[in-house]
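Below are the chains, spelled out letter by letter.
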Amino acid sequence: MDEIKFDYIMEIARQKSISKAAKNLFIAQPSLSRYVINLEKQLGVKLFDRSHAPLELTEAGILMVQYIEQSEALKAKFFSKLGKHKESTCTEIKIGVVPWRIPVFLPKIVPEFMDKHHNVKVVIKEGVSQDLEALVLADQIDACVVNGPQNNQLLEYRVLNYEKIVLVASRSSEVAKSSYDFVNNRYYSSMIDLRSLRNEAFILLVEKYRLGLLSRKIFKSRDVMPSRITYVSNMNTALSMSAVGLGLTFMPESGIERSLDGGESPLYFSIGEPEFGFPLIIAFKKGKKLNQPLIEFIDFVCSNYNDYRQC
């Protein structure tokens, strides 16, 4: 038996006319008439009563239409369930994170989020703020966690927290020998005069990093520029060099919470007023429709970041 073309039968039933149905189906009327005649011969029953104008369905035709409608309803139900199954399969979201925040995201935030969202895989890409923002705009990653401020009009963002900048010195430095407040085996002063440190060696990030730019603003605000500066391109490198006495550096205050205890850890000092700092933000492309897993990840980070970074 030839294939039963449901759309042909249903269109004839709707139009109650083979010629009108043929026009809507974009086929020749004689071709549609021959199809119906051949189908009726193969089935051994009449589907349409042509003695009436407009034509009517026979009892067999009514049965055929009911069967087609039930089949279409069953097919729609199948595809609906199939769609839900697709939605439940694993979705991958790509998140860029600046290196300084990796210790918070990889061992803490990402595993916890994936434990609660079994069908979401979070892929982390490490990079500097400007590079990660460019990847978001190029649709190569979905969002990025970077240091603010955010001035790119093509990006939207949500603020995770705001961090002050502190001065880092080794325990053997002249700065450490000065009389500052002692808190939990670490110096942490309410104020330090950077002008008194103009002859000290400093280790600064290069200007492509926002902390590098901020360091220069700090010196400018105090009307001082150290005579000895070593430039590096990694915050952890700057901290390691500072801890062993190769120079002073700046870092966000969250670094205090992740430092080693005891003699190996450096000491930290407030730079006084006006204080400097920057927001930590999670940014995404403006105007882009975010999928539900990404929305849930952004909400999760915004709600939990401050708790996790203190763990």
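Look a little higher up for the structure.
Quick summary incoming for the structure in this document. (Residues numbered from 1 in each chain as written. Predicted model: local features only at pLDDT ≥ 70, side-chain atom pairs only at ≥ 80, totals over all residues. Heavy atoms only, no water.)

### Considering the overall build of the protein
When helices and strands are tallied, the protein shows 11 helices and 13 strands. Evaluated residue by residue, the protein yields a buried proportion of 44% over its 311 residues. As displayed, the protein has an accessible area near 17,100 Å², and 52% of this comes from carbon and sulfur atoms. (Helix = DSSP H or I, 4+ residues; strand = E, 2+ residues; numbered from the N terminus. Buried < 20%, exposed > 50% of the residue type's maximum accessible area, 1.4 Å probe, protein only. Areas by Shrake-Rupley, 256 points an atom, 1.4 Å probe, with all protein chains shown as cover.)

### Topic: empty space enclosed by the protein
Considering all chains together, one arrives at 1 cavity of 30 Å³ or more under this definition. Estimates place the volume of the largest cavity at around 30 Å³. What lines the largest cavity is Ile203, Leu204, Leu205, Leu211, Gly212, Ser215, Thr249 and Phe250. When contributions to the lining of the largest cavity are tallied by element, the ones reaching two or more residues are strand E9 (201-205), helix H8 (210-221) and strand E11 (249-252). (1 Å grid on protein atoms, 1.4 Å probe; cavity = no way out; pocket = protein on both sides within 12 Å on 5 of 7 lines; lining within 4 Å. Points joined across faces, edges and corners; volume = space filled by probe spheres on them.)

### Focus on the packing of aromatic side chains
The geometry of an aromatic ring pair is captured by two quantities: the separation of the ring centres and the angle between the planes. Evaluated as defined, the whole model comprises 8 aromatic pairs. Consider the rings of Tyr8 and Tyr35, whose centres lie 5.3 Å apart with planes at 85°: the pair is edge-to-face. Of this pair, Tyr8 sits in helix H1 (residues 6-15) while Tyr35 sits in helix H3 (residues 29-43); the two residues are 27 residues apart in sequence, bridging distant segments of the chain. The same class applies to Tyr8 and to Tyr35, which are both buried. The structure contains a cluster of three or more aromatic residues connected by ring pairs, namely Phe113, Phe297 and Phe300. (Phe/Tyr/Trp six-rings, centres within 6.5 Å; stacked < 30°, edge-to-face > 60°.)

### With respect to H3
For H3, spanning 15 residues, the distance from its first C-alpha to its last is 21 Å, which sits close to the expected 21 Å at 1.5 Å a residue. What H3 keeps buried is the set Leu32, Ser33, Tyr35, Val36, Leu39 and Glu40. Buried residues in H3, looked at end-on, bunch into an arc of 160°, giving them a common side. As for H3, its buried residues are in contact with H1, helix H2 (18-25) and strand E1 (48-49). Downstream of H3 by one or two residues, Gly44 has phi in the positive range, about 80°. (Expected span 1.5 Å × (residues − 1). Arc of directions from axis to C-beta. Contact = heavy atoms within 4.5 Å.)

### Notes on the pattern of salt bridges
Side-chain pairing between opposite charges can occur once the charged atoms of the two side chains come close. Counted under the stated rule, the structure contains 14 salt bridges. Among the salt bridges present, the one from Glu163 reaches Arg101, with a minimum N-O distance of 2.3 Å. Within this pair, whereas Glu163 is found in strand E6 (residues 155-169), its partner Arg101 is found in the loop between strand E3 (91-97) and helix H5 (102-116), the two being separated by 62 residues in sequence. Where salt bridges share partners, they join Glu40, Lys46 and Arg50 into one cluster. (Salt bridge = Lys/Arg side-chain N within 4 Å of Asp/Glu carboxyl O.)

### Section: the pairing of strand E13 (residues 277-285)
Buried residues dominate E13, accounting for 8 of its 9 residues. Where strand E5 (residues 143-147) lies against E13, 4 bridges are found, and the strand directions are antiparallel. Of the residues in E13, the one forming a bridge with Val145 is Ile282. With 9 bridges connecting them, E6 and E13 associate as antiparallel partners. (Pairing = 2+ DSSP bridges.)

### Overview of the pairing of E11
Of the two faces of E11, the one carrying Thr249 and Met251 and the one carrying Phe250 and Pro252 are both buried. Summarising the sheet, E6 and E11 pair through 4 bridges and their orientation is antiparallel. Looking at E11, one finds that Ile165 is bridged to Pro252.

### Section: the side chain of Ser129
Within the secondary structure, Ser129 is located in helix H6 (residues 129-137). From its side chain, Ser129 meets the backbone nitrogen of Asn147 in a polar contact 3.4 Å long. Once you skip the residues sitting within four places of it in the chain, Ser129 turns out to touch Val98, Val146, Asn147 and Arg210. (Polar contact = N/O pair within 3.5 Å; in protein donor to acceptor, adjacent residues only side chain to side chain.)

### Notes on the environment of Gly255
Checked against the element boundaries, Gly255 lands in helix H10 (residues 254-258). Taking the C-alpha atoms as reference, Gly255 lies 9.9 Å from Val168; in sequence the two are 87 residues apart. When neighbours within four sequence positions are excluded, Gly255 is seen to be in contact with Trp100 and Tyr268.

### What about the side chain of Glu163?
Its relative accessible area of 1% is what places Glu163 among the buried residues. Within the local environment of Glu163, its side chain forms a polar contact with the side chain of Arg101, the two groups lying 2.3 Å apart. Residues contacting Glu163, with those up to four places away along its chain left out, are Arg101, Pro252, Glu253, Ser254, Phe276, Gly277, Phe278 and Tyr305.

### Description of the nonpolar core
Within the largest apolar cluster, 37 residues are counted, with the highest numbers of intra-cluster contacts made by Leu167, Leu197, Phe202, Met235, Phe250 and Met251. If you list the elements that add at least two residues to this core, you get E6, helix H7 (174-177), E9, H8, helix H9 (235-243), E11 and strand E12 (267-270). Top contributing element to this core by residue count: E6, with 5 residues. Look past the residues within four positions of Leu197 in its chain and what remains in contact with it is Leu167, Val175, Ile192, Phe202 and Leu248. (Core = buried A, V, L, I, M, F, W, Y, C linked by side-chain atoms within 4.5 Å.)

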